[in-house]
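Remarks on the overall topology
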Amino acid sequence: MITLLSALMVGGVQFLCTPPNDLLQLVQQIDPSYKCSTLTLDAAVAAANTGDGILSLARGYPNTTTSVSSATMKAIASKQLKVYVEFPDSGPVVMSTLERAVVSSNNSLGSLTAMTLLNVHAIPFVQTKQKVETHLLDFAVVAGYDTAVDGLPTSTYPLLFENSSVLFAAAQLSQFQTMRFSPVSRWSTVFEFILSYTGIQTGGKTLSFKPNVYPAYQKDEVLPANAKSLSLQRAVTWYLRSGMVIDYSRMMEAITQGPSHKNRIFFDLISNTTKLTGRIGVFEGHASTINLQGRQPTGINIRNDCNTETAMAFAGLYRETGDEVMKQISTNILNYIWIHGGFSNPWMPGIGVDAKGETFGLQIWSSGTSVSAAEYYKDDNARALLAGLAVTSWLNDTRWQTQLVTGILSNLRWTGTNGFGANDGFFSKMNDWESVYNSAPSPTYSPHYQSYLWAVYLWGYKASGHQPLYDRAYAAIKIMMDNYPTKWIPTSNGITMQRASCF
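Figured I'd write up the structure that's included with this text. (Residues numbered from 1 in each chain as written. Predicted model: local features only at pLDDT ≥ 70, side-chain atom pairs only at ≥ 80, totals over all residues. Heavy atoms only, no water.)

Structurally, Ile200 is set in the loop between helix H5 (184–197) and helix H6 (227–241). Ile200 sits in the buried class, given a relative accessible area of 3%. Between the alpha carbons of Ile200 and Leu152 there is a distance of 31 Å; along the sequence they are 48 residues apart. Aside from chain neighbours lying at most four places away, what touches Ile200 is Val13, Phe15, Val27, Tyr34, Leu55 and Leu195. (Helix = DSSP H or I, 4+ residues; strand = E, 2+ residues; numbered from the N terminus. Buried < 20%, exposed > 50% of the residue type's maximum accessible area, 1.4 Å probe, protein only. Contact = heavy atoms within 4.5 Å.)

If you want it as structure tokens, here you go:
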């Protein structure tokens, strides 16, 4: 054991991990001779010499915590070892719903001052039952972007902390690159602190890593002259390679696996995209959840607005480049969603959920469930119509004019004299459009839901001269702005998203 340990130890420091490990690879930038050891923490401590360093990097994460016995803690103290332990067995393992860590109020972490924020994502962590002596990073609900501007709340959960001269992490932090922690510079500082704690000196070198997902341009970078065309090309390439544009095999996979996976599936990238046509539409998109492998699941619902806006992106690239393939895919997507897929609400007199045709022309929200297929959202209708107008214009194609005209006028029927109406509704319960059209409903001060349609109405007025389109949009905009900001309703992203929607 001693011979093996010596081979895996550099400068009196050993890594207990399973390769590949992001932190070990970062340290190998300084000295490539560092390797992973298969020893348990107990065995490594027993074999270590006085003053050695040990980094125990959650070999069993997320299924198995790291055993830290009282005997091992005593041995660490008696040998004055410099130890960092991830995922210790000091409490129950829970899934964090708090995706930000805060540098604790009474301490700094290297050059990171108190209240600095770091992104961690939703990860399993140990909710330690031990009394924490020194908090370094805590999970917490806080306000702010770069810093917790109002400080820490009373309820926090230790993420990086020190007890009995041992540094603990309640989760596996050492796979920071794979799990897509950010910002890079701040996490680099955290790991410089951890390495220094365990006796590894960087020799003045700055530890850095390139994130697996990153912006195309840096903050102060000058954009190239063709940045617009490049962004469209990259977006469209992503739609194709990520499998957003559906082929038959993925549709079958979604149908068979979707219900048991909450309509979210991890798909592999597509290397050959030449057979993707858009004839059966586009999936909703990737969920924001990032798993332990740094991947995001695909939401497999087929939504009206997601399809029309994707068709707009392909049409935009055709407009920029003249690529006929982009034109055909855009056409196919919009054909599917508005002609073949039935997202434009029909009227079959006397039968169905809307026997009187009160909702004729309104557009269905999503195919995800029987409920969502019978539901209307005002903002989704507006985004779909705006995108459809763009595709019609850029492709110089009139085949979707019926869906556009009925979509605009059906939404107008459900808009009061003051330009407001319900944010959403079920077709089966929308049974008296005239009472809405001829009244002034109480305003809903949420531009996210209400204001997109006003842009549609203004376009419709410009194209047709139909005066109610202008009058109701004008009245609503005036009411909304007269009551800014006191009556505006924040969304989950605060008031900023509402401003953007209104603009």
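Running from N to C, helix H8 (residues 304–321) and helix H10 (residues 378–395) cross one another at 25 degrees; their axes reach a closest spacing of 8 Å. With respect to their mutual orientation, H8 and H10 come out roughly parallel. Crossing angle aside, the handedness with which H8 passes H10 is left-handed. For the pair formed by H8 and H10, the contact residues are Asn304, Asp305, Thr308, Glu309, Ala311, Met312, Ala315, Gly316, Tyr318 and Arg319 on the first element and Asp380, Arg383, Ala384, Ala387, Ala390, Val391, Trp394 and Leu395 on the second. (Axes fitted to C-alpha atoms, helices over the stretch in contact; angles between N-to-C directions. Parallel < 35°, antiparallel > 145°, perpendicular 65-115°, else oblique. Left-handed = near helix turned anticlockwise from the far one by under 90°.)

Here the focus is the pairing of strand E11 (residues 166–169). Of the two faces of E11, both are covered, the one formed by Val166 and Phe168 as well as the one formed by Leu167 and Ala169. In this sheet, E11 lies alongside strand E4 (residues 82–86) in parallel orientation, the contact comprising 3 bridges. Each bridged residue has a counterpart across the sheet, and for Tyr84 the counterpart in E11 is Leu167. Direction of pairing for strand E10 (residues 157–163) relative to E11: antiparallel, over a ladder of 4 bridges. Across the sheet, the residue bridging to Phe161 is Phe168, located in E11. Connecting E10 to the next strand, E11, in antiparallel fashion are 2 residues, including Ser164 with a positive phi near 50 degrees. (Pairing = 2+ DSSP bridges.)

The 9 strands are arranged E2-E1-E3-E4-E11-E10-E9-E6-E7 in an open sheet whose pairing can be described as mixed. With partners counted over all chains shown, the strands left at the sheet margins are strand E2 (36–37) and strand E7 (117–119), one partner each. H5 contacts strand E1 (13–16), strand E3 (53–56), E4, E7, strand E9 (134–139), E10 and E11 of the sheet and is inclined by roughly 95 degrees relative to E7.

On to the pairing of E1. Neither face of E1 is exposed, since Val13 and Phe15 on one face and Gln14 and Leu16 on the opposite face are all buried. Inspection of the sheet shows E1 paired to E3 by 4 bridges, in the parallel sense. Opposite Val13, over in E3, you have Gly53 as the bridge partner.

The end-to-end C-alpha distance of H6, which contains 15 residues, comes to 21 Å, matching closely the 21 Å that a straight helix rising 1.5 Å per residue would cover. Taken together, the buried positions of H6 are occupied by Ala227, Leu232, Val236, Tyr239 and Leu240. Of the residues flanking the end of H6, it is Gly243, one or two places downstream, whose phi is positive at about 85 degrees. (Expected span 1.5 Å × (residues − 1).)

Counted by the stated rule, this structure contains 1 disulfide. Here Cys17 pairs with Cys36 through a disulfide, and the sulfurs are 1.9 Å apart. Looking along the S-S bond of the Cys17-Cys36 disulfide, the torsion reads about -100 degrees, which is the left-handed sense. Here Cys17 is found in the loop between E1 and helix H2 (22–27), whereas its partner Cys36 is found in strand E2, with 19 residues between them in sequence. Each of the two residues, Cys17 as well as Cys36, counts as buried. (Disulfide = S-S within 2.5 Å.)

Our focus in this paragraph is the packing of aromatic side chains. Tallying each qualifying case throughout the model produces 20 aromatic pairs. Considering the side-chain rings of Phe15 and Tyr34, the 5.5 Å spacing of their centres and the 75 degrees angle between planes classify their relative orientation as edge-to-face. Of this pair, Phe15 sits in strand E1 while Tyr34 sits in the loop between H2 and E2; the two residues are 19 residues apart in sequence, bridging distant segments of the chain. Accessibility assignment for this pair places Phe15 and Tyr34 in one class, buried. Geometrically, the ring pair formed by Tyr484 and Trp488 is edge-to-face, given 4.7 Å between the ring centres and 70 degrees between the ring planes. Classification of Trp488 by relative accessible area gives buried; the value is 7%. Members of the aromatic cluster, each reached through a chain of ring pairs, are Phe176, Phe181, Trp187, Phe191 and Phe209. Geometry around Tyr452 places Arg383 over its ring, the cationic atom sitting 5.4 Å from the centre. (Phe/Tyr/Trp six-rings, centres within 6.5 Å; stacked < 30°, edge-to-face > 60°. Lys NZ or Arg CZ within 6 Å of the ring centre and 35° of its normal.)

The biggest cluster of nonpolar side chains holds 65 residues, and the ones touching the most others in it are Phe15, Leu23, Leu55, Leu137 and Leu160. A total of 6 residues in this core trace back to one element, the largest contributor, which is H5. If sequence neighbours within four positions are ignored, Leu55 has contacts with Val13, Gln14, Phe15, Leu16, Leu23, Tyr84, Ile194, Leu195, Thr198 and Ile200. Within the second largest apolar cluster, 60 residues are counted, among which are Leu232, Ala315, Val456 and Tyr457. (Core = buried A, V, L, I, M, F, W, Y, C linked by side-chain atoms within 4.5 Å.)

Here the focus is the side chain of Asn304. In this structure, Asn304 sits in helix H8. Residue contacts for Asn304: discarding those within four places in its chain leaves Ile337, Trp338, Phe343, Gln363, Ile364, Trp365, Asp380 and Ala384.

To continue, consider the side chain of Asn301. Structurally, Asn301 can be placed in the loop between strand E14 (298–299) and H8. A polar side-chain atom of Asn301 sits 3.1 Å from a polar atom in the side chain of Asn263. Discounting residues that sit within four places of it in the chain, Asn301 has contacts with Asn263, Val282, Phe283, Glu284, Ser366, Ser367 and Gly368. (Polar contact = N/O pair within 3.5 Å; in protein donor to acceptor, adjacent residues only side chain to side chain.)

This part covers a nonpolar patch on the surface. Residues Leu458, Tyr470, Tyr474, Ile477, Met481 and Tyr484 make up a contiguous nonpolar surface patch of roughly 530 Å² in combined accessible area. Considering every element that reaches the nonpolar patch, the biggest residue donor is helix H14 (residues 467–482), with 4 residues. (Patch = residues over 30% accessible without salt bridge, like charges linked within 9 Å, V, L, I, M, F, W, Y side chains within 5 Å. Areas by Shrake-Rupley, 256 points an atom, 1.4 Å probe, with all protein chains shown as cover. Salt bridge = Lys/Arg side-chain N within 4 Å of Asp/Glu carboxyl O.)

Spatially, 3 strands are ordered E12-E14-E13 in an open sheet, and the strand pairing comes out antiparallel. With one partner strand each, in any of the chains shown, strand E12 (264–265) and strand E13 (285–286) form the two edges of the open sheet. In this structure, E13 lies alongside E14, joined through 2 bridges in antiparallel fashion. What sits directly across from Gly285, in E14, is Gly299.

This part takes up the packing of H10 against helix H11 (residues 401–413). It is at 10 Å that the axes of H10 and H11 come closest, and there the two elements cross at 150 degrees. With respect to H11, the axis of H10 lies roughly antiparallel. In this structure, H10 crosses over H11, and the sense of that crossing is left-handed. On H11, the residues that touch Asn381, Leu385, Gly388, Leu389 and Thr392 of H10 are Gln403, Leu404, Gly407, Ile408 and Asn411.

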